[in-house]
Structures are given as structure tokens and as C-alpha cells.
Amino acid sequence: MKIAILGYGTVGSGVFEIVRSNPEGIARRAGKEIEIKYVLDLRDFPGNPVEEVLVHDFAQIVDDPEVSVIVEVMGGVEPAYSFVKEALLKGKSVCTSNKELVAKHGAELLEIAKQKKENFLFEASVGGGIPIIRPLNQSLTVDEIQEVTGILNGTTNYILTKMRDEGADFADVLADAQARGYAERNPSADVDGYDAGRKIAILTSLAYGMQVDYEDIYTEGITKITKEDIAYANAVGANIKLFGTSKTVDGKVYAMVAPCMIGRDHPLYVVDDVFNAVLVRGNFLGDVMFYGKGAGKLPTASAVVSDVVDAVKHQGVNVMTIWNSRKLELADINTLQSSFFVRVPAAEKEKAKSLFAVDQEVTAEGIAGEYAFFTKPMAEGDFQGAAAKTKVLSRIRVEGTTKKWRNMI
Ligand code: HSE
């Protein structure tokens, strides 16, 4: 079985390495030997083994009837979208790690693959090496999914973990994450939450079988999280994590990306460093959690190659069944109930107490001149209204029962 790889960057070179280093193991699982016939890249790689199969023209690949499966790991919407669409229309299966492409055109590309009885697979687009797309598509088929909450971005999880453990500054840790190959070329995609937004859009589309546009998802990153916030979280035994979440409440679907304060009683509390995890709640199943490396060359490439094996095994049979292009209308997050961690200047204490239903006051060693507290659950819109009447230094949404946390340290 001949395949081609579009893009010889971090993930593409990982796919090349895995396929070349374990041919027998892959052949055993796929039922056929897999050979990389072409790698497409604009660049040359003198002295690299990829040279033997390197081409610069996509037409050479897509017009070759011997190529049955195309791996798209270029990233970005164009030209990836045009290439993938053409490949599917010509009856080839496509495996991609490209979350921008999947979030924007997933429903359409799945429909073409279905018509052509081939496959459009994208396991690596969410959670790097973690199997989550295949379980949502093939295993969790009985339950109604009530909630999907994930730590979906390795870079921001790495940054938050280092800030907590080393008291390190945001900018230094970001540079370190970039050097390790975790971060996106444009760090804003990670730290402003857009990468997690695309991933939760994909998971929500799969969970509900309808199109969720990431532009409709309220998205907040981690750039406003300060050392002081982390000191308060440490004081109560909590962690701050960037969550991508979607859930059904009273028949309405809410979706959001935002930092969240959680205690040890939350299943995602232990997910540190570059690890990702996705918690799925089904109506019969209850909670299941998927955990693993969400970024990096080989974990991501491993998920791509698992798709290649699936595509080879299912030639002529379309396996991805859910997610149509009908748009899912998300509920207005202003009506969503949350508790909040809030910091105001000490001078605003009495005003804050009159504006918010304070559930618990918090202090942290070495921080003076401010008043910090947890609110009782309140609607997001009511929070915004109250916050506008005082000077809020920071606020972070909270999941769980804060009063329990201190006893769990
Ligand atoms: N920049 C992404 C992350 C890469 O840090 O999770 C994987 O999608």
C-alpha cells in the first residue's frame, strides 16, 4: 500500500520515522505493507533519507493512482484544504493532524469521504497522541454525551505547571515550550486559547453530531494569569488549568475555553506538563477520561500512523459516521452558572461583599493590600454586571467545592 506525506515538518518527519522504523509491526496491524512513495515539501533536505521520495508538486501525488492514502501534516487551512478535498474526490483516504482544517471543513470533508467510500481521519488533531476521536466515533456510541471537558493544549498546560512549580515567569516558560517543539509558530494560538478552541469545537461537533464553529465559542487564554493567582490557588490546594469544555445544561449546549480553578477532587487535577486529558461524561457511562501526550513529534505522529493503519484496513468502507454540517446553536454563556475566584483591592472589600455572594474568603502568604474570595454559583452575566461596579484585579472560574480543597492538601 503506497502512501504520501504532505509536509515534512515536526509531525511529518515523525510519521516518516515511525513508518520507516517499524514496518513489520505496522504491516501486521494493517494487513499490508505500507510504503511511503512521496513526501511533499517546498524545501529540500540534502543528506536526509527523505530525499529519495521528496517531491515539490502535489499533482505528482494526487494524480498517481498507486497512492491510496495521503497524510496531511502541513498545518493551516490553505493549501491543505484544497489538497485534501482533491485527494478525497479522487478516491484517496486522508489522515490529518490539522485541527484548523478539521475545525473549519471537517463536516464537508467527511461527507466527501462518505460519498467516495473512503476515509477522512483526524485522530491527531485533538490531544496529540491520545485516542479520543476514534472512541467518540466508534466506542461511545450508545450514550448521550452530556459533557466534554479537556486540557487540550500542551503548551499552556506546560506553562501553568512551570509557573506553579517554579514560580517562573510566563514569558520564560513560553520560550522554553517553543524550544521543545510544543508551541504553535504563533504563540497566540496557544496562550490566547484559540488552539484549544478549535479542539473543543471538533470534540463538540463529534459529541453532538453537528457542526460547531469555533468562532462561536467564548475563548479566553492564560495571559492574564499572574503569580498572585497561582499563590492563592496553592494556598487552597487548587490548580489552575486551561479548560476547553462543552456541556448540556437544561437542554442547552454551552461551550467555552477559559482557565479554571480546580481541586484535588477533580479528575483533571493531576494532568500536568505537556500532558492533555479529556473527560467525557455520558448519560449511561458516567465519566471516562483519556490521558496522554497532547503535543510533540512522535506522540502526534503515532496517532497519525494509527489513522493510516485504519485507512488501509478499511479501504472502500467509510468508518466515520457522525458529524453533519447542520450548525449547532450554542447557548449564550451569560446564562451559565459558575462560581468565581475574585481578587479586588483591599479598599473595595465592603463593596465587593455587597455585590457578590461571598462563599469563602482566601488569603495567600506574602500577598497584602487585596481581598480575595470565592463566590457562590452565579450566572456569568450577573458576574459581569457586578464586576463592572468595582475594580476586579482578577477573576477565574471555579469547578468544584472549594471548602473541601484545603482539607485535601
Ligand atoms: N501547540 C499545540 C499544543 C500542539 O501545545 O497542544 C498540539 O496541537
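Below is a short write-up of the structure. A quick note: this is a predicted structure, and the numbers were derived from the prediction, not measured.

Thoughts on the pattern of salt bridges
So, step 1. Tallied over the full model, the rule gives 34 salt bridges.
So, step 2. Between Arg-134 and Asp-307 there is a salt bridge whose closest N-O contact spans 2.4 Å. Of this pair, Arg-134 sits in helix 6 (residues 133–139) while Asp-307 sits in helix 12 (residues 297–313), placing them 173 residues apart in sequence.
So, step 3. According to the relative accessible area criterion, Asp-307 is buried, its value standing at 2%.
So, step 4. The network of salt bridges with shared partners includes Glu-123, Arg-134, Asp-307 and Asp-310.

With respect to the pairing of strand 15 (residues 370–375)
So, step 1. Along strand 15, 6 of the 6 residues are buried, which leaves the element largely enclosed by surrounding structure.
So, step 2. Across the two faces of strand 15 the burial is the same, with Glu-370, Ala-372 and Phe-374 and Tyr-371, Phe-373 and Thr-375 all buried.
So, step 3. Examined bridge by bridge, strand 13 (residues 337–345) and strand 15 share 5 bridges and lie antiparallel to one another. Within strand 15, the residue paired with Pro-345 across the bridge is Glu-370.
So, step 4. Pairing of strand 14 (residues 358–362) with strand 15 involves 4 bridges; the strand directions are antiparallel. Along strand 15, the bridge assignment pairs Val-358 with Thr-375.

Quick notes on the site of the ligand
So, step 1. For the ligand, the full set of nearby residues is Lys-99, Asn-153, Gly-154, Thr-155, Tyr-182, Ala-183, Glu-184, Asp-190, Asp-195, Lys-199, Gly-294 and Ala-295.
So, step 2. A distance of 2.6 Å is found between an oxygen atom of the ligand and a side-chain nitrogen or oxygen belonging to Lys-99.
So, step 3. Here Thr-155 contributes a side-chain N or O atom positioned 2.6 Å from an oxygen atom of the ligand.
So, step 4. At the level of secondary structure, the elements contributing two or more residues to the shell around the ligand comprise helix 7 (154–166) and helix 10 (194–208).
So, step 5. Split into classes, the residues belonging to the shell around the ligand amount to 3 nonpolar, 4 polar and 5 charged.

Basis of the calculations
Within every chain, residues take consecutive numbers counted from 1 along the sequence as written. In view of the model being predicted, local features appear only for residues whose pLDDT reaches at least 70, and side-chain atom pairs are presented and counted only at 80 or more, with totals across whole chains, interfaces and linings using the full set of residues. Side-chain measures were taken over the full set of non-hydrogen atoms in the model, leaving aside hydrogen atoms and water. Salt bridges, as used here, are contacts in which a Lys or Arg side-chain nitrogen is within 4 Å of a carboxyl oxygen on Asp or Glu. Going along the chain from the N terminus, every DSSP run of H or I of four or more residues is numbered as a helix, and every run of E of two or more is numbered as a strand. A 1.4 Å probe rolled over the protein chains alone gives each residue an accessible area, and that area as a share of the maximum for its type sets the label: buried under 20%, exposed over 50%, partly exposed in between. Two strands make a pair as long as DSSP finds a minimum of two bridges between them. In these notes, residues near a molecule or strand are those with any non-hydrogen atom within 4 Å of it. Any pair of nitrogen or oxygen atoms within 3.5 Å is treated as a polar contact; in protein, a donor-acceptor pairing is required on top of that, and neighbouring residues in sequence qualify only through side-chain atoms on both sides. Residue polarity follows a fixed list, in which Ala, Val, Leu, Ile, Met, Phe, Trp, Tyr, Cys and Pro are nonpolar, Asp, Glu, Lys and Arg are charged, and the others, Gly among them, are polar.

The quantities given are spatial measurements derived from coordinates; they are silent on function.
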